[in-house]
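Residue-level listing of the chains:
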Amino acid sequence: MKNWWQSLCIGVKLNIPIQVILVILLSFAHFWVMEHIKGEILDGARRRATVSADGVINGMNMLMLTGMISDPENRRVFIKKMAASNDVKELRIIRARQVQDQFGPGLSEEQVRDDMDRRVMDSRQPGFLLTEDRNAPSLRTVVPFIASTNFRGTNCLTCHHVEAGSVNGAASITIDMTDDFNAIRRTQRKLWLGQIALQILLFFSTSWLIRRFIRPIVKLQSAMESTQLSGNMETFVPIALKQGDQDEIGKLTCAFNRMSVALCNSEQSMRLAASIYQSNANAIVVTDENNLIVDVNPAFTRITGYTRDEVLGKNPRLMQSGRHDIKFYRKMWRAILDEGHWQGEIWDRRRDGELYAKAANIIVLRHKDGSVYRHVAQFSDITEKKQKDELIHWQANYDPLTNLPNRRLFQDRLGQAIKLAHRTTLPLALLFIDLDYFKEINDTLGHANGDALLMEVARRISNCVREADTVARLGGDEFTVILPELGDTSHTRRIAEHIVEKMAQPFFFVNDETGYHISASIGIALYPDDASDLPGLLKCADKAMYAAKAAGRNRFIYASESGQ
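For clarity, every value in this text was computed on a predicted model and none was experimentally measured.

What counts and how
Every residue gets a number counted from 1 within its own chain, in the order that chain's sequence is written. This being a predicted model, a pLDDT of at least 70 is required before a residue's local features are given, and a value of 80 or more before pairs of side-chain atoms are given or counted; all residues contribute to the totals for chains, interfaces and linings. Only hydrogens and water are removed before side-chain values are computed, so all heavy atoms of the structure are retained for them. Confidence per residue, as judged by the predictor, is encoded in pLDDT with a range of 0 to 100. The numbering of helices and of strands both runs from the N terminus, where a helix is a DSSP run of H or I of at least 4 residues and a strand a run of E of at least 2. Exposed residues in this analysis have more than 50% of their type's maximum accessible area, buried residues have under 20%, and partly exposed residues fall in between, with area computed by a 1.4 Å probe over protein chains only. Polar contacts, as used here, are pairs of N or O atoms within 3.5 Å; protein pairs need one atom able to donate a hydrogen and one able to accept it. Residues neighboring in sequence count only if both atoms are side-chain atoms. Any two residues having at least one pair of non-hydrogen atoms within 4.5 Å are treated as being in contact. For patch building, the residue pool is restricted to those with more than 30% relative accessible area and no salt bridge; the joining distance is 9 Å between like charges and 5 Å between nonpolar side chains (Val, Leu, Ile, Met, Phe, Trp, Tyr). Areas reported here follow the Shrake-Rupley algorithm with a probe of radius 1.4 Å; residue values treat only the protein chains shown as occluding. Take a side-chain nitrogen of Lys or Arg and a carboxyl oxygen of Asp or Glu: if they are within 4 Å of each other, that pair is a salt bridge. Expected helix span is taken as 1.5 Å per residue step, with the number of steps being one fewer than the number of residues. Strands are labelled as partners when DSSP assigns at least two bridges between them. The axes used here are C-alpha line fits, helices contributing only the stretch in contact, and every angle between their N-to-C directions lies in the interval 0 to 180 degrees. Only centres within 6.5 Å qualify two rings of Phe, Tyr or Trp (six-membered ring in Trp) as a pair; their planes then separate them into stacked at under 30 degrees, edge-to-face at over 60, and tilted for everything else. Charges are assigned to positions over rings by a cutoff of 6 Å between ring centre and Lys NZ or Arg CZ, combined with an angular limit of 35 degrees from the ring normal. Positive charges are assigned to Lys and Arg, negative charges to Asp and Glu, while His and the chain termini are left out of the count. A single reference atom marks each charge: NZ on Lys, CZ on Arg, CG on Asp, CD on Glu.

Turning our eyes to something else, we now look at the confidence of the model for the chain. Scored by pLDDT, the chain comes out at a mean of 86, with 95% of its residues at no less than 70. Least confident of the elements in the chain is helix 1 (residues 2-7), whose mean pLDDT is 71; most confident is strand 12 (residues 478-483), at 95.

Below is the structure:
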């Protein structure tokens, strides 16, 4: 039943209850009118019967006044004449017990016949009995005769030795109700025919009104189905309304038209956004409030190697490279949650395990209540750029042979070390190292062996210093060492001695078991004792180095000992 009802159109759903209500209302009105008409007819019949009974009483009163009432035949003739009236089926008089005691029992038809006669005599009130026999309907009325000192100008107590107000008898009259009930049936048939005609008229009227009112809804349904079948809001055609159609359905139609136009525009915007999303050269990752991936674009797969199905529902940390510590990620998430976005560079790992650098921009989308809805990350692969930048930086700041800082980076670090020494008031030492006899080996054994020797020199010097110290090659066979934050200047002497000792040890080359010897001349300048700026330190250390060479090489000399 429920499925049947749901399958009906809205017009039928509206029409059915309306027709049911109309049938109920019209039927109720029909029965109310019929009951009212029937009541009026019955009331009229009662009045007729009461009037007839009253006429009988008046007639009996006249017989009593003329003295003819004592003759039974006179009473029988009178009753017969009165009973000859139209619609009267039976008429008789009833003699009460007190009259029988005074004047005798009277005629047999004048005796109390049934309970209705007795009730009327006892109650002294008229009684009515309706018999609704379809073939012979009738109405019986019994009216009591009340003894009175002035009954229509006659003193009943003159002849009747009874108490005033007592019942001397009654008149019983039965009238034929056939014509009345036939009138009721005719009226009922006419009412039924009128109700049926009115019901049919109302059915077609309400159906027409419902169709007229729901016509815009039908148009809406047709437009929606057309849009649904096409799957494209651009095929929507706005529904035209006539002038003045501004009722609720008209307003609904106008609202639907506006909504459809807005949806069409929104669909175009979404299609454009989807196109940009799918064709974007940068990878895009969308995560939910728990930072679990809900969508990625094709560029993500191209850059990371992970397909969309492989990462859905997973945390982006599966791509972490391990090159960033927990502090880095805490700082990143603090910026995302507090400021709503973060931008920077991250090293991640592709699906095949290869590390790559990416420039990322992460934003957070929130609900109206401020809770997180989505995280959107957009990034590009900058590995090649980073490698190029690192190469350029390396070539600009490092010696290609020894991988030590070159003159440019050396001067920068020396400047930083001087600022640090000035701020901490801790001394700083600068060592200038020049190799002795390097030119002879380079010229004798060739530049390849000379380069090998320089690389070994760089390794030996680097092993003699601390991790915080800087070893640099200025060019040729010139090296420098920056010793910052010296707690004890004697540490400089130990490093210088160690370097001189290492340089004096023999050098061996590939496929040559001969040990070759060189030495190192080292000049040492201290900050701030010898100089308080970069040019001064360079000058002092350089002159001290030349003083060490002049003193016989294979040694170190402080600038303060070189006669400066």
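From this point on, the discussion continues.
You can see Arg350 is positioned in the loop between strand 7 (341-349) and strand 8 (355-366). You can call Arg350 buried: its relative accessible area is 13%. At a separation of 2.8 Å, a polar atom in the side chain of Arg350 contacts the side chain of Asp381. Those residues in contact with Arg350, other than ones at most four positions away along the chain, are Ile303, Thr304, Tyr306, Tyr356, Asp381 and Thr383.

Our next topic: a nonpolar patch on the surface. A surface patch of nonpolar side chains, about 510 Å² in accessible area, is lined by Trp4, Trp5, Val12, Ile16, Val20 and Ile24. Mapped by element, the contributors of at least two residues to the nonpolar patch are helix 1 and helix 2 (10-66). It is helix 2 that contributes the most residues to the nonpolar patch, four residues altogether. Considering the arrangement of structural elements, one finds Val12 in helix 2. Given a relative accessible area of 32%, Val12 falls into the partly exposed group.

A few words on helix 3 (residues 72-83). Between its first and last C-alpha, helix 3 extends 16 Å over twelve residues, near the 16 Å set by a 1.5 Å rise per residue. Residues of helix 3 that are buried make contact with helix 2 and strand 1 (88-95). The opening residue of helix 3 is Asp71, an N-cap whose side-chain oxygen sits 3.1 Å from the backbone nitrogen of Glu73.

The next subject is the sheet that holds strand 3 (residues 138-146). Strands sit in the order 1-4-3-2 across an open sheet of four strands; the sheet is antiparallel. The open sheet terminates on both sides in strands that have one partner only, identified here as strand 1 and strand 2 (127-131). Recorded for the sheet is a direction-independent mean angle of 10° between the axes of neighbouring strands. When strand 1 meets strand 4 (residues 167-176), the two strands line up antiparallel, connected through seven bridges. Residue Val88 lies in a different strand from strand 4, and its bridge partner there is Ile175. Each of strand 1, strand 2, strand 3 and strand 4 touches helix 2; the most contacted strand, strand 4, lies at about 135° to it.

Take the pattern of salt bridges next. If you walk through the whole model with that rule in mind, you get 26 salt bridges. In this structure, the salt-bridge partner of Arg460 is Glu456, at a minimum N-O distance of 3.0 Å. Of this pair, Arg460 and Glu456 both sit in helix 14 (residues 447-464), four residues apart, roughly one helical turn. When its relative accessible area of 11% is taken as the criterion, Arg460 is described as buried.

Per the counting criterion, the structure on display carries eight aromatic pairs. A centroid spacing of 6.1 Å and a plane angle of 90° characterise the contact between Phe328 and Trp342, whose relative ring orientation is edge-to-face. Note that Phe328 is positioned in helix 10 (residues 326-339) and Trp342 in strand 7, a separation of 14 residues in sequence. On the basis of an interplanar angle of 80° and a centroid distance of 6.2 Å, the ring pair of Phe556 and Tyr558 is categorised as edge-to-face. Each member of the pair, Phe556 as well as Tyr558, carries the same accessibility label: buried. Here the aromatic residues Phe328, Tyr329 and Trp342 are joined through ring pairs into a cluster of three or more. The ring of Phe128 carries the charged tip of Arg46 above its face, separated from the ring centre by 5.8 Å. Positioned above the aromatic ring of Phe379 is the side chain of Lys358, whose terminal nitrogen or guanidinium carbon lies 4.0 Å from the ring centre.

Turning to a positive patch on the surface, a few remarks are in order. Together, Arg134, Arg186, Arg189 and Lys190 make up a region of like positive charge exposed at the surface. Locating Lys190 in the fold gives a position in helix 6 (residues 178-230). Judged by relative accessible area, which is 64%, Lys190 ranks as exposed.

Right, let's talk about the environment of Gln102 for a bit. Along the chain, Gln102 falls in helix 4 (residues 97-103). A residue is classified by how much of its surface remains accessible, and Gln102, at 27% relative accessible area, is partly exposed. Taking the C-alpha atoms as reference, Gln102 lies 9.4 Å from Val162; in sequence the two are 60 residues apart. Beyond its immediate sequence surroundings of up to four residues, Gln102 is in contact with Cys159, His160 and His161. In terms of polar contacts, Gln102 uses its side chain to reach the backbone carbonyl oxygen of Cys159, at 2.6 Å.

Tracing the backbone through its elements, the reader meets Thr480 in strand 12. By relative accessible area, Thr480 is classed as buried at 0%. With residues up to four places along the chain from it excluded, the contact list for Thr480 reads Phe410, Leu431, Phe432, Thr470, Val471, Ala472 and Leu474.

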